[in-house]
Amino acid sequence: MTVLVFDPSGSSAPQLSDLLKQAHREARATSDEVEARRLAQLLGVVVIALTDQVSKSIDLIRHVRETESGSVYLLVAAPANAEAQVELAYEAGCDCDVRLPTTASAFNARLLPADRRQLSRVSQTARSAVRANGARPLTPATPGAATTAAMPAARPAPSSILEVVVRSAAWRGMGADLQRVASTFLTVNCNAVRLEGEPDIALARGIVLANVDQQLEVRVALATDAKSARTFTTHLFGEDSSDLEADMLGELANMAMGALKAAFAKESVPFTGGLPEALPPNRFLQFNAQCVHVEQFALAVHDARIFVRVGIHSKRNVLVGAPALQEGMVLAKDVFNAKGMLLLTAGTRLSATSADRLRQALARTQSVEVAWRGQ
Amino acid sequence: MTSKRLVFVGPTEGHATRLRRVLRATARGSDEWTVVRCSDPQQALDELSQAPTDVVVSELELAGMDGPTFLEKVKRMNPSSVRLAITQSGDARQGVAAIQSAQQVLRPSCSDEFLGEMIHRTERLHRFVGNETVRSVVGGLDRLPSVPKTYWALMRAAGRPKTSIADLARIVESDPAMSAKVLHLINSAFFGLARRVTSIHQAVSLLGIDLLKGLVLSAHVFATFEEVKLPGFSLDLFQEYSIRIANLAKRFITTSPEREAAFTAGLVHDLGKLVVAIRFPEQFARITRRASTAPMPYHEVERAHIAATHAELGGYLLGVWGLPFEIVEAVGYHHEPMLALGPNSNTDLSILAAVHTADSLFGIVTCGEPEERLDRIFLERAGLLQHLPEWRRLTEEEAARIH
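The rules behind the values
- Counting restarts for each chain, with residues numbered from 1 along the sequence as it is written.
- Chains carry letters and ligands carry numbers; both start at the beginning, A for chains and 1 for ligands, and go up in the order they are written.
- Selection of residues for local features in this predicted model requires a pLDDT of at least 70, selection of side-chain atom pairs for listing and counting requires 80 or more, and totals for whole chains, interfaces and linings are taken over all residues.
- Water and hydrogen atoms play no part in the side-chain values, which are based on all heavy atoms of the structure.
- Secondary structure elements are defined from DSSP: runs of H or I of at least 4 residues count as helices, runs of E of at least 2 residues count as strands, and each element is numbered from the N terminus.
- Think of it in three bands: residues with accessible area under 20% of the maximum for their type are buried, residues over 50% are exposed, and the middle band is partly exposed, with areas taken using a 1.4 Å probe on protein chains only.
- In this description, contact between two residues means that some pair of their heavy atoms is separated by no more than 4.5 Å.
- Per-residue and other accessible areas were derived by the Shrake-Rupley procedure at a 1.4 Å probe size, with only the shown protein chains allowed to occlude residues.
- Any two strands are treated as partners once DSSP identifies two or more bridges connecting them.
- Axis lines are fitted through C-alpha atoms, for helices just across the contact stretch, and the angle between N-to-C directions can take any value from 0 to 180 degrees.
- Here the buried area means the combined drop in accessible surface, using a 1.4 Å probe, for two parts upon being joined, counting both sides.
- Note on definitions: salt bridges are taken to be side-chain nitrogens of Lys or Arg within 4 Å of carboxyl oxygens of Asp or Glu.
- In protein, a polar contact requires one atom able to donate a hydrogen and another able to accept it; more generally it is a pair of N or O atoms within 3.5 Å, and residues adjacent in sequence count only if both atoms are side-chain atoms.
- A right-handed crossover is one whose linking path, passing over the helix from the first strand to the second, runs clockwise when the strands point away from the viewer.
- Pairing of aromatic side chains requires ring centres within 6.5 Å, counting the rings of Phe and Tyr and the six-membered ring of Trp. Pairs whose planes differ by under 30 degrees are stacked, by over 60 edge-to-face, and all others tilted.
- The distinction between a cavity and a pocket rests on a 1 Å grid over the protein atoms alone: a 1.4 Å probe fits inside a cavity but cannot get out, while a pocket stays open yet meets protein on both sides within 12 Å along at least five of seven lines, and a residue with an atom within 4 Å of a point counts as lining.
- Grid points are joined across faces, edges and corners, and a volume is the space filled by probe spheres set on the points.
- For this scheme, ten residues count as nonpolar: Ala, Val, Leu, Ile, Met, Phe, Trp, Tyr, Cys and Pro. Four count as charged, namely Asp, Glu, Lys and Arg, and the remainder, Gly too, count as polar.

Chemist: Give me the overall build of chain B: which residues, what numbers.
Modeler: On a plain count of helices and strands, chain B comes out with 21 helices and five strands. When the 403 residues of chain B are sorted by exposure, 55% land in the buried category. By sequence separation, contacts in chain B at least 24 residues apart represent 69% of the contacts at least 6 residues apart.

Here it is in C-alpha cells:
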C-alpha cells in the first residue's frame, strides 16, 4: 500500500518517508496541496505533517473530509508538544495522530486501521468490477470470448483479499492478456487452448509476483516441449540453441509478469515482480503446488505449445488442530509426528485418505500449519 | 548340541568350579559348556587366540595386569566374546573401572541362580545386538560415533569417595559445547523442571549425578549426529520425544538406581535410528514413509529393508561404548522385550519394561499406533502388569502437555 506524505514545508517528509520504508510501506511525498488532494483520493492513506505551515495541513484534512465518504485514512504526525494543532486536526476530521519522534513499529501500528479500510475499498472496487464485467470464470478455451454470461445466483461476497483477486477482472482476463503478450513477443498469433493431459516438458521458467502488504503471492509457470521450443526460438531468432530457447522463455515469463502486474494494479492490488527462474522440468506443476487457485492453459500456434499455469496463494498460514484437518487443505510446513518422523511435506494438498491418516497419526493436541485459503 | 566355551581368569580356583556347576545346572538343553581356567592374563589371551570363546570371566585382581586392562584387550581382540568381571573388594574405583570394560560386574556373594541367569542373559543380548548384520552396518559407518569421554569421566569421578559436586561440574564444564547442550536439554519444556537451570553445578545439585550422566550421554549422541542431514526426520522433535520417553520411564519406576538407569535408557533408546539415517539415508527415507502407512511396526519395516533394527544397532553401539548392561538391554530389546526372557528368568527386568512400555504407550496415545505394540505378556512374565493402568495414566498426562 502506497502512503501519501503531505508536508507543506518539506522538512518532515524525509523522516516520515523513512519511517514508512522501515515499516515496509511505499511512500510518496508531496508539499503541493493540489497534488495532495488528488493523490489522497487515489491512494487512500495520507500522513500529514503538523510541523510547519499547519494551516495548509488542516485545510487538506477538511477538503478530504468534505469531498469523500470517509474512506480515506488521515494520520497526522506532530511534535510531542503540539497539543493545540493536533486538536485542530481532529476537529477537521483526521483519524489518528502519532507524535514525533517515534519508532517504525509504533508508526506502523497507527496505520493498521488504514489497512483494514483499504481492504474494504479494494473489495468494493472488485465487487463493482465483477458486477460490470459479469461473473464468468476464466475459460482457457475461449479467453477472448465476450463475457456476457449472467452472474451466478447467490454467490457469497468475497471474504478475503485473495478471493477479491481471484474474482477480479484481472484474474479472469489472464488468458486474454497472456495471449496478447505472447502474440506480440513471439510475433505470431497465439490461441489460448485447454491444457490436456500431462505435457512433456523440456524447458520451464517460473516467476513470482508478490503483494507484501496482503501477503499474497501469484506464481506463474511457463513451459514448453522440446519441439515447440525449437519452433518458437527459430521463428524469433532465426536460429536455435539451448541458450536462445532459455532466453525466449525467460523473456516471455518477464512479459507475462509485466502484463499481470499492470492488470492487478488497475484493480488497486499492486504486485511487485521477481526475476524469472529456471525450473527443472518436473517442477512445472509443483511450482504452483501451494496455490489454492490455479488456472492452466496452453498458448498454441499450430502444434507448437507454451504451457501456462498461474496460481495464487496467501502466505498467511493458519494453525489447524489435528482433529480438524480436512481434504483440500494445503500443508504450509512439513508435518512430523510426535517421534520426529516426517509424515507429509509442505505443499501437499490433503486428500480424504491423507487427511484421515494425518488425523490418526497426530496427537489431538498437535497443530498443523496450513496455507490460508481465505475461508 | 551347541558347544560353548567360557574362559575364566583369576587366582581363585573356586570360581572356576562354581562356574562349571552353575552352567551345568542352568544351561539350555542344547548347550554344552566347557570352562577353561587360566591363572594369569597372558595365558588367557593365548587361549582366546586358539579357539572361539563365548564368555570371558575375569577377577579384577590379576597377576601382571589388572582386570579392566585385561578385559579391554579382550574387547579389542575378541569383540564377539561376552566379558564379565568378578569383584572381590568393596573398592568402588575398581568397580567403576570394570564397568567400562566388562558388560557385567558380579559379586561372588550372589546366588548360583543369579549368576547363571546373568551369564545367560548377557550372552543372549550380546548375540542379539552383536549379530553379523548389525556389526557390518555399524562397521560400515564412515566415522563411528566417538566414545562419550565426558560420560566416562563422570562415572570414574563419581566412584571416588571424595568427589564433590564442584568436581563433577568441572568435568562437564571443561567441554563448553557439552555444557551448553546439557543445559539446553535440562531447560527444554519437555524436561518438566519448574525453574530454569543456569549452570552445571546447579544441575548436579538439582538432579543428582546419575541423571546428569544420562543427559551428558544424550547430549553427546545428539551432538554426534547434528551435523548430518537427516531427510524425513526432525532431530529437534526426536530429541524432545526422547526426553519425554526418558521422563516417563523414570516415573514408571520408584526405586533408585533403576529409575535413573531407565531415564538414561529412555534418552538414548532410539539412537539406532540415527545410525540407520546416516548409514542408509535412502532406505531411511523409504522406511519412514512406509512405516507411516504400513500396519507393520517400525522395526519390522526396518528389518525388511536393512535386515537389522534400530534397537539392535543402538544396543550394539551402547555396548561398544561400554554402557551398563541394563541400559544396553533396555535399548536393544525395547521393541521385542520377550527376547530378554530366558526359560527361567527371575531377575529384575524393570528398566527394560519401563522403556518398552513408555515407548509403546506414547506411540499408542500420540501417534495412533495399535495397542498390540505393547507386549502385555512380557509385562506379566516380568511381574509388572499390575502397574499398567497407572503407567497409562502417566503417559496420557505426558501426551497432553505442551505441543
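Chemist: Could you give an account of the overall build of chain A, with specific residues and numbers?
Modeler: For chain A, the helix and strand inventory stands at 12 helices and 16 strands. The buried share among the 375 residues of chain A stands at 51%. Within chain A, contacts between residues separated by at least 24 positions form 67% of all contacts whose residues are at least 6 apart in sequence. Of the roughly 17000 Å² of accessible surface on chain A, 50% is carried by carbon and sulfur atoms.

Chemist: Residues and numbers for the sheet that holds strand β5 (residues 96-100) of chain A, please.
Modeler: Residue and element names in this part refer to chain A. What the five strands build is an open sheet, ordered β2-β1-β3-β4-β5; its pairing is parallel. Of all the strands in the sheet, the pair left with one neighbour each is β2 (26-30) and β5. The average angle at which neighbouring strand axes cross in this sheet is 25 degrees, direction not considered. For strand β4 (residues 73-79) and β5, the ladder comprises five bridges, and the chain directions are parallel. When the bridges of β5 are listed, A78 appears paired with R99.

Chemist: Explain the interface of chain B and chain A to me, and be specific about the residues and the numbers.
Modeler: Between chain B and chain A, the contact holds 22 residues from the first and 15 residues from the second. Summed over both sides, the interface between chain B and chain A buries roughly 1500 Å², with carbon and sulfur atoms accounting for 63% of that surface. Taken together, the links from chain B to chain A amount to two salt bridges. Residue A:K339 is joined to B:E369 by a salt bridge in which the shortest nitrogen-to-oxygen separation is 3.2 Å. At the surface where chain B touches chain A, the tally comes to four residue pairs in polar contact (both at pLDDT 80 or more). Contributing elements (two or more residues each) for the side of chain B that touches chain A: α12 (235-252), α15 (281-293) and α19 (350-367) of chain B. The dominant element in the side of chain B that touches chain A, judged by the number of residues it contributes, is α19(B), at five residues.

Chemist: Give me the pairing of strand β1 (residues 2-6) of chain A: which residues, what numbers.
Modeler: Residue and element names in this part refer to chain A. The element β1 is extensively covered by neighbouring structure, given that four of its five residues are classed as buried. In this fold, the crossover linking β1 to β2 by way of helix α1 (residues 13-22) has right-handed handedness. One ladder, built from three bridges, connects β1 with strand β3 (residues 45-49); its direction is parallel. Looking across to β3, one finds that L4 is bridged to V46.

Chemist: Requested: an account of the packing of aromatic side chains, with residues and values cited.
Modeler: The full count for this structure, using the stated rule, is six aromatic pairs over all chains. Each ring, one from A:F264 and one from A:F271, has its centre 4.9 Å from the other, and the planes form 45 degrees; the classification is tilted. Accessibility assignment for this pair places A:F264 and A:F271 in one class, buried. Summarising the aromatic geometry, the rings of B:F238 and B:Y241 are spaced 6.2 Å apart at their centres and angled 45 degrees between planes, so their arrangement reads as tilted.

Chemist: An account of the side chain of B:S242 is requested, with residue identities and associated values reported.
Modeler: Along the polypeptide, B:S242 turns up in helix α12. Other than its neighbours up to four places away in sequence, B:S242 contacts B:F222, B:G266 and B:L267.

Chemist: Tell me about the environment of B:G192, and name the residues and values.
Modeler: Relative to the helices and strands, B:G192 resides in the loop between α9 (176-186) and α10 (200-207). Classification of B:G192 as partly exposed rests on a relative accessible area of 48%.

Chemist: Can you explain the layout of surface pockets? Please cite residues and give values.
Modeler: Rolling a probe over the atoms, with the probe sized like a water molecule, indicates the empty space that remains. As a volume, the second largest pocket reaches approximately 700 Å³. B:M296, B:P297, B:E369, B:P370 and B:R373 are the residues nearest the centre of the second largest pocket, which is lined by 36 residues in total. Elements with a contribution of two residues or more to the lining of the second largest pocket: β15 (342-344) and α12 (352-361) of chain A together with α15, α16 (298-306) and α19 of chain B. Classifying every residue of the lining of the second largest pocket by side-chain character gives 14 nonpolar, 11 polar and 11 charged.

Chemist: Give a detailed account of the pairing of β3(A), specifying residues and quantitative values.
Modeler: Residue and element names in this part refer to chain A. By the criterion of burial, β3 is predominantly enclosed, with five of the five residues buried. Burial along β3 is two-sided: V45, V47 and A49 and V46 and I48, pointing in opposite directions, are all buried. Examined bridge by bridge, β3 and β4 share five bridges and lie parallel to one another. The residue bridging V45 from the neighbouring strand is Y73, located in β4.

Chemist: Can you lay out the side chain of B:H356 for me, pointing to particular residues and giving the numbers?
Modeler: Residue and element names in this part refer to chain B. By the secondary structure assignment, H356 is in helix α19. Of the residues examined, H356 reaches a relative accessible area of 1% and is grouped as buried. With residues near it in sequence (within four places) discarded, H356 still touches H334, P337, R373, L374 and D375.

Chemist: Any details on the sheet that holds strand β1 (residues 2-9) of chain B? Residues and values, ideally.
Modeler: Residue and element names in this part refer to chain B. Taken together, the five strands give an open sheet; going across it, the order is β2-β1-β3-β4-β5, and neighbouring strands pair in parallel fashion. A single partner strand is all that each edge strand has here, and the edge strands are β2 (31-38) and β5 (104-106). Strand-to-strand twist of the sheet, defined as the mean angle between neighbouring strand axes without regard to direction, takes the value 20 degrees. Taken together, the eight bridges between β1 and β2 define a ladder with parallel strand orientation. Residue pairing across strands places R5 opposite T34, the latter belonging to β2. Running at roughly 180 degrees to β2, helix α1 (residues 13-26) makes contact with β1, β2, β3 (55-59) and β4 (82-86) of the sheet.

Chemist: Give a detailed account of the pattern of salt bridges, specifying residues and quantitative values.
Modeler: For the coordinates displayed, the defined rule picks out 34 salt bridges over all chains. Its salt-bridge partner being A:R99, residue A:D97 comes within 2.8 Å of it at the nearest N-O pair. Under the relative-accessibility criterion, A:R99 is labelled partly exposed at 23%. A cluster of three or more residues bridged by salt bridges with shared partners is formed by A:K339, B:D359, B:E369 and B:R373.

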